[in-house]
Amino acid sequence: MVSHEHVSEPAVGRWTRASVYPDMWVDPDDDPRETETEIVDERGALLESLRHYRLTLEMKCAGLDAEQMARRSAPPSTMSLLGLVRHLTEEERHFRRVMAGDDAPKLYRTEEDRDGDFNGAVADAAVVDAAWRQWRTEVELNERYLAGVTDLATQNAGYSDLGAEPGGQLQLRDVLLAQIGEYARHCGHADLLRELIDGRVGQ
């Protein structure tokens, strides 16, 4: 008689590289998010928060191969770390479309596959490399735009689907807050995805 008893995968042990605080990703002296920059105003606080979360995404994906980057959380979810990189690339392009008015059509999502950013996140080193390259390009373009805009009340130059009235006017501060919230939410997902992959934990 054949047994159909489910054999569970061995549990992944939790671990960290930190030695000062055992619940941290790395020690404070090794954390690239920690700087001596003094935050003196609202603009500085918003840009620093965005920088922090972008770096967190990179840190949570560090040291993984293509299979690990594309590994999904649990059925029926299609979420993976690679999917998050592609998704946040789309969000960076969205920021550019809304604020700068740039011609930056969606790269991964289509009308036929609205989750193409996640569904197309396959275990292929070329796909992973392309995703990081595109994400870094979008981040650089947005940083260039932000370096030239000092007034947080600057209004969007492109069509906005944010806010209560799609197509309405938004201030830069509103769109930055939305972008920070998007990264913060998905960095929380990245925490869990990374722990499922190899047990590494931390902020």
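Everything in this summary refers to the structure shown in the same document. (Residues numbered from 1 in each chain as written. Predicted model: local features only at pLDDT ≥ 70, side-chain atom pairs only at ≥ 80, totals over all residues. Heavy atoms only, no water.)

Observations concerning the overall build of the chain
1) Next: When helices and strands are counted, the chain shows six helices and zero strands.
2) Next: The secondary structure elements of the chain, listed N-terminal to C-terminal, are α-α-α-α-α-α.
3) Next: Taking the principal axes of the C-alpha coordinates as reference, the chain spans close to 70 × 50 × 30 Å.
4) Next: Buried positions account for 39% of the 203 residues belonging to the chain.
5) Next: Looking at the chain alone, contacts between residues at least 24 apart form 68% of all its contacts between residues at least 6 apart.
6) Next: Distance between charge centres in the chain, computed from 23 positive and 39 negative side chains, equals 2 Å. (Helix = DSSP H or I, 4+ residues; strand = E, 2+ residues; numbered from the N terminus. Buried < 20%, exposed > 50% of the residue type's maximum accessible area, 1.4 Å probe, protein only. Contact = heavy atoms within 4.5 Å. Lys, Arg positive; Asp, Glu negative; His and termini not counted. Charge placed at Lys NZ, Arg CZ, Asp CG, Glu CD.)

Regarding the environment of L162
1) Next: Along the chain, the position of L162 falls in the loop between α5 (125-147) and α6 (172-198).
2) Next: Along the backbone, L162 and V98 are 64 residues apart, and their C-alpha atoms lie at a distance of 9.0 Å.
3) Next: Beyond its immediate chain neighbours, meaning those up to four positions away, L162 contacts H94, L170, V175 and A178.

So, the nonpolar core
1) Next: Residues L57, M69, L81 and L172 are the most contacted members of the largest nonpolar core, which totals 38 residues.
2) Next: Among the secondary structure elements, those contributing two or more residues to this core are α1 (42-61), α2 (66-70), α3 (81-100), α5 and α6.
3) Next: Looking at this core, the element that brings in the most residues is α6, giving nine residues.
4) Next: If near-sequence neighbours (up to four positions away) are discounted, L81 is found in contact with K60, C61, L64, M69, A190, L193, R194 and I197. (Core = buried A, V, L, I, M, F, W, Y, C linked by side-chain atoms within 4.5 Å.)

Here's the deal with unusual backbone geometry
1) Next: For the bond running from P75 to P76, omega is 5°, close enough to zero to count as cis.
2) Next: Take P76: it is sitting in the loop between α2 and α3.

Here's the deal with the packing of aromatic side chains
1) Next: Summed over all chains, the structure comprises two aromatic pairs.
2) Next: Aromatic pair F95 and Y145: ring centres 6.2 Å apart, planes at 75°, arrangement edge-to-face. With F95 in helix α3 and Y145 in helix α5, this pair connects stretches of sequence that are 50 residues apart.
3) Next: Taking relative accessible area as the criterion, Y145 reaches 18% and is therefore assigned buried.
4) Next: When the centroid spacing of 5.5 Å and the interplanar angle of 80° are considered together, the rings of W132 and W135 count as edge-to-face. With W132 and W135 both in helix α5 and three residues apart, the pair spans about one turn of that helix. In this pair, the class of W132 matches that of W135, namely buried.
5) Next: Here the guanidinium or amino end of R86 rests over the ring plane of Y108, the centre of that ring lying 4.0 Å away.
6) Next: A cation over a ring is seen here: R200 above W25, with NZ or CZ 3.8 Å from the ring centre. (Phe/Tyr/Trp six-rings, centres within 6.5 Å; stacked < 30°, edge-to-face > 60°. Lys NZ or Arg CZ within 6 Å of the ring centre and 35° of its normal.)

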